[in-house]
Amino acid sequence: MAKDVLCEVNNCAFWADGNLCSADKIYVVSHKGETADNSRETDCKTFEPHDL
Ligand code: SF4
């Protein structure tokens with residue numbers, strides 16, 4: 001489980017009760033390449049829909 005990662009995206013296959021992430025690690029990316037100006041421009045690339 002990714003340590004100390006809290007996440008509200010409860011339709012992700014890795015989401016667990018308590019807003020925890022059960023992935024071994026997560027990969028965060030920017031919408032704009034390798035930089036971002038604020039958190040809204042970042043995303044978790046490890047996300048997978050729960051019902052795949
Ligand atoms: S993989 Fe990303 S989107 Fe999915 S529960 Fe973990 S932090 Fe959230």
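Residues numbered from 1 in each chain as written. Predicted model: local features only at pLDDT ≥ 70, side-chain atom pairs only at ≥ 80, totals over all residues. Heavy atoms only, no water.

Quick look at the site of the ligand
Around the ligand, the structure places V5, C7, C12, F14, W15, C21, I26, C44, T46 and F47. Of the residues belonging to the shell around the ligand, the class tally is 9 nonpolar, 1 polar and no charged. (Near = heavy atom within 4 Å. Nonpolar A, V, L, I, M, F, W, Y, C, P; charged D, E, K, R; others polar.)

A short note on the UniProt feature "domain: DUF1540" (unreviewed entry) in the protein
Per the UniProt entry, the sites bearing "domain: DUF1540" (unreviewed entry) are residues 5–47 in this numbering. End C-alpha atoms of residues 5–47 are separated by 13 Å, and the span's content is 0% helix alongside 23% strand. (UniProt positions renumbered as here; feature names shortened; annotations may be inferred. Helix = DSSP H or I, 4+ residues; strand = E, 2+ residues; numbered from the N terminus.)

Topic: the side chain of E41
Looking at the element boundaries, E41 is found in the loop between β3 (28–30) and β4 (42–44). When near neighbours in sequence (up to four residues on either side) are disregarded, E41 contacts V29, S30, H31, K32 and A36. (Contact = heavy atoms within 4.5 Å.)

Comments concerning the environment of N19
Positionally, N19 belongs in the loop between β1 (15–16) and β2 (20–21). In the structure, N19 is positioned 10 residues away from V9 in sequence and 8.0 Å away in space, judged by C-alpha atoms. Aside from chain neighbours lying at most four places away, what touches N19 is V5, L6, C7 and E8. At 3.2 Å, the side chain of N19 forms a polar contact with the side chain of W15. (Polar contact = N/O pair within 3.5 Å; in protein donor to acceptor, adjacent residues only side chain to side chain.)

Quick look at the pattern of salt bridges
Applying the stated rule across the entire model yields 3 salt bridges. Linking K32 and D37 is a salt bridge whose minimum nitrogen-to-oxygen distance equals 2.7 Å. Between E41 and K32 there is a salt bridge, with the nearest N and O atoms lying 3.6 Å from each other. (Salt bridge = Lys/Arg side-chain N within 4 Å of Asp/Glu carboxyl O.)

Remarks on the side chain of T46
When you line up the elements, T46 lands in the segment after β4. At a separation of 2.8 Å, a polar atom in the side chain of T46 contacts the main-chain amide nitrogen of Y27. Here T46 is in contact with F14, A23, K25, I26 and Y27, once residues within four sequence places are set aside.

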